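# Analysis of the macromolecular model
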Amino acid sequence: MTLELNRLKEQLLALPEPSRAWLAQALITSLDAEKPSEVESLWLNEIRRRDQEIADGKPVLRPATEVMRDAYEKIRCRR
């Protein structure tokens, strides 16, 4: 971070809690600024891309039961 940004952060952290909460919410909201239609369009493009990959035989598909069994086995091994 730049020195100026560090100074700004220190000043903002010195604000009262309600002001920091308001600012945090405003910043988070600004990150989610994409319109729902844009997000929907991005997901549709991703679905079409994945569907085409499946049609082209690129990914190796496995039954969900097999995938879940393998995942549970990996989790048990880490305990």
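Below, the structure is looked at part by part. (Residues numbered from 1 in each chain as written. Predicted model: local features only at pLDDT ≥ 70, side-chain atom pairs only at ≥ 80, totals over all residues. Heavy atoms only, no water.)

### Regarding the overall build of the protein
Within the protein one finds four helices and zero strands. Each helix (α) and strand (β) of the protein, taken in turn from the N terminus, gives the series α-α-α-α. The C-alpha radius of gyration of the protein comes to 23 Å, more than 25% above the 12 Å expected for a compact globule of 79 residues. For the protein, the C-alpha atoms occupy an extent of roughly 55 × 40 × 25 Å along the three principal directions. Across the 79 residues that make up the protein, the buried fraction comes to 0%. A total of about 7,700 Å² of accessible surface is found on the protein, and carbon and sulfur atoms cover 59% of it. (Helix = DSSP H or I, 4+ residues; strand = E, 2+ residues; numbered from the N terminus. Rg over C-alpha atoms; globule rule 2.2 N^0.38 Å. Buried < 20%, exposed > 50% of the residue type's maximum accessible area, 1.4 Å probe, protein only. Areas by Shrake-Rupley, 256 points an atom, 1.4 Å probe, with all protein chains shown as cover.)

### Points about a nonpolar patch on the surface
On the surface, L5, L8, L12 and L15 cluster together to form a nonpolar patch covering roughly 290 Å² of accessible area. Position of L5 among the secondary structure elements: in helix α1 (residues 3–13). (Patch = residues over 30% accessible without salt bridge, like charges linked within 9 Å, V, L, I, M, F, W, Y side chains within 5 Å. Salt bridge = Lys/Arg side-chain N within 4 Å of Asp/Glu carboxyl O.)

### As for the environment of S41
On the secondary structure map, S41 appears in helix α3 (residues 36–55). Residue S41 is classed as partly exposed on the basis of its relative accessible area of 34%. When the C-alpha atoms of S41 and I28 are compared, they prove to be 22 Å apart, with 13 residues separating the residues in sequence.

### Brief notes about the pattern of salt bridges
Considering all chains together, one arrives at seven salt bridges under this definition. Each member of the salt-bridge network shares a partner with another, and the members are R62, E66, R69, D70 and E73.

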